Amino acid sequence: MYQLYRLRELGLNVRVFEAGTGVGGTWYWNRYPGARFDSESYSYGYSFSRELLDEWDWSEHFAPQPETERYLNFFADKFRLRENIQFSSRVEAARYDDDKQRWEIMLPDGRQHTARFLVTAVGPLSAPTYPRVEGIDGFRGEAYHTGLWPKHPVRFEGKRVAVIGTGATGVQAIQEIAKTAGHLTVFQRRPNWCTPLHNRPIDKEEMDRIRAGYEELFARCNETAACFVHTIDPRGTFEVTDEVREAFWEKLYSEPGFGIWQGNFRDMLTDRSANKLISDFVARKIRERVKDPEIAEMLIPKDHGFGTRRVPQETFYYEVYNQPNVDLVSILETPIERITPAGLETSERAYEFDIIVYATGFDAITGSFDRIDIRGTGGRRLKEKWTGGPSTFLGVMVEDFPNMFMCVGPHTALGNIPRSIEYNVEWVTGLIRYMREHGLAFAGARPEAVKEWTDFVKLKGEGLLSNEVDSWMTGVNQNVEGKQVRIIARYSGSAPDYRAWCDRVAAHGYRELVLR
Ligand SMILES: Cc1cc2nc3c(=O)[nH]c(=O)nc-3n(C[C@H](O)[C@H](O)[C@H](O)COP(=O)(O)OP(=O)(O)OC[C@H]3O[C@@H](n4cnc5c(N)ncnc54)[C@H](O)[C@@H]3O)c2cc1C
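Residues numbered from 1 in each chain as written. Predicted model: local features only at pLDDT ≥ 70, side-chain atom pairs only at ≥ 80, totals over all residues. Heavy atoms only, no water.

**Q** Teacher, can you tell me more about the overall build of the protein here?
**A** Counting secondary structure elements, the protein contains 18 helices and 20 strands. Over its C-alpha atoms the protein spans a radius of gyration of 23 Å, differing by no more than 12% from the 24 Å that the globule rule assigns to 516 residues. Considering only C-alpha atoms, the protein reaches an extent of 70 × 60 × 45 Å along its principal axes. Residue burial in the protein is summarised as follows: out of 516 residues, 56% are buried. (Helix = DSSP H or I, 4+ residues; strand = E, 2+ residues; numbered from the N terminus. Rg over C-alpha atoms; globule rule 2.2 N^0.38 Å. Buried < 20%, exposed > 50% of the residue type's maximum accessible area, 1.4 Å probe, protein only.)

**Q** Sorry if this is basic, but what is going on with the side chain of D363 here?
**A** Along the chain, D363 turns up in the loop between β16 (355-358) and α14 (367-370). For D363, the contacting residues outside a window of four places in its chain are A127, T129, S368, D370, R371, N477, V480 and K483. (Contact = heavy atoms within 4.5 Å.)

**Q** Quick question: what am I supposed to make of the site of the ligand here?
**A** In the vicinity of the ligand, 30 residues are found, and the nearest of them are E18, T26, D38, S39 and Y44. Residue T26 places a side-chain N or O atom 2.8 Å away from an oxygen atom belonging to the ligand. Contact between the ligand and D38: an oxygen atom at 2.8 Å from a main-chain N or O atom of the residue. Calculation on the ligand without its partners gives an accessible area of 960 Å², and the protein chains cover 90% of this total. For the shell around the ligand, the secondary-structure elements that each account for two or more residues are α2 (26-29) and α16 (417-437). A per-class count over the shell around the ligand returns 18 nonpolar, nine polar and three charged. (Near = heavy atom within 4 Å. Polar contact = N/O pair within 3.5 Å; in protein donor to acceptor, adjacent residues only side chain to side chain. Areas by Shrake-Rupley, 256 points an atom, 1.4 Å probe, with all protein chains shown as cover. Nonpolar A, V, L, I, M, F, W, Y, C, P; charged D, E, K, R; others polar.)

**Q** Sorry, what's going on with the packing of aromatic side chains here?
**A** Geometry of an aromatic ring pair is reported as the spacing of the ring centres plus the angle between the planes. Counting across every chain of the model gives 48 aromatic pairs. Consider the rings of Y317 and Y318, whose centres lie 5.2 Å apart with planes at 65 degrees: the pair is edge-to-face. Accessibility classification places Y317 together with Y318 in one group, the buried group. Ring geometry for Y423 and Y498: centres 6.2 Å apart, planes at 75 degrees, overall edge-to-face. With a gap of 75 residues between them, Y423 in helix α16 and Y498 in helix α18 (residues 495-507) connect regions that are remote in the sequence. (Phe/Tyr/Trp six-rings, centres within 6.5 Å; stacked < 30°, edge-to-face > 60°.)

**Q** Can you walk me through the sheet that holds strand β14 (residues 343-346) in this structure?
**A** Pairing between the strands of a sheet comes from backbone hydrogen bonds, and it takes one of two forms, parallel or antiparallel. Pairing in this open sheet of three strands is antiparallel, and the strands run β13-β14-β15 from one edge to the other. Among the strands making up the open sheet, the edge pair consists of β13 (336-339) and β15 (350-352). Across the sheet, the mean angle separating the axes of adjacent strands is 20 degrees when strand polarity is ignored. Pairing geometry for β14 and β15, over three bridges, is antiparallel. If you follow G343 over to β15, its bridge partner there is E352. (Pairing = 2+ DSSP bridges. Axes fitted to C-alpha atoms, helices over the stretch in contact; angles between N-to-C directions.)

Written out as structure tokens, the structure is:
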């Protein structure tokens, strides 16, 4: 939506194709119970319009999905964005026509559009995936994927409910569904390290204080590595005494948000012994909170250290397993073999359910690209180009795909994503403005520039413990064919370094691109 706003401002004729029936993207589709931010609400909103900042009040430090969806609708209405958005329009294919130097965009009903520029904004987490087991379509009860949640209310009262998946989404959904479900069975493949969110409401006075500090807040976000409000602590884990370290971690554990992940000691994600120590700390917390020692052990990750995968944030998640109406099943030990009309079968036994919730996540980062047949010069397919891992220039351009610009593409800075989106959009807008001012119609990434950036992304991933772990951040999804091998799926350097590189390219007149 921000890209639309900026391009329209440039005077371009812009059309947005959106698969959904409304605006909001992530916050339109993920309306499952418990869905909410793990970014601080006020750090997530758009920063470019003072008017928008003045007109919108956040009601909680970590807003729930309905509020964020309202915010994005407010944004769309305020800037009359809907006029340029064509809803219920899933793009199936996009082909670059070498002769006409135009993109052709194809919709399933046969409609076709042409454009000089193609900007993709298809989302890093927007291609939902289901477990690869048979029988999913044959279930007689209600079944929902969290990322395709219906608009009508789903009632769990008195029902036998299964939740499959304990990633960030599963954790949020489980703690909410457990409040009313007759019986809830959680099917866990791998536990994640979860830490308390410590959410709370924002009253008028606090919102006024936040509003007065917006400028400083966004400046701080832009200085931090991942654009969150939290800053990595410059100390090393072993540079402080045991007492100081323990007190620091107790403080982080009791504070809101990602501080314990994004504001921890600088070596936590690179030094194995440092990582082991913080993992032991969080494991102790889990053992304190879960009454049954066997269940507690099931909930403590053994295959990866704290923070090496995205840390789900929770509110009484662990206490859910002390409730008599909740069971935990390890599907590593007893895999789900099939979904049956009545429920599901693991290798051990059959279960009956009224509702199955698939909290099985997304084909991340490249998944939404893979679902479109994108072909560049000479009919080259993007999906094939990226077999074995993406290669891009700044995460924005791809060799052989001229005039295609990615917003939140692979190998761009992510973190607190809207901060990166705003920068990404402004960079693309700057390039298009430059092209118009210089009478240029063609922009292609030079192969050497792509190689240099892709090598830099790989270099930045070296030595990171997170790159030794299977996760969506390393491009692994056991439910997607061809995604079982780890790749460098994302840029893990700092956002300020990323912006510095992009700024340099613009300042030097985009020498890394073929422009004509
Ligand atoms: C449950 C959840 C919670 C999250 N919480 C946070 C958070 O707290 N902080 C944070 O920084 N990030 C969070 N994220 C990441 C979130 O995806 C980004 O913050 C942000 O929404 C990305 O914006 P986007 O516009 O790039 O993509 P999206 O919001 O995913 O929007 C992409 C849009 O493209 C559409 N689309 C995709 N393919 C096609 C096609 N072929 N044709 C037409 N339309 C298509 C989709 O329908 C969607 O509307 C969360 C993600 C999820 C799933």
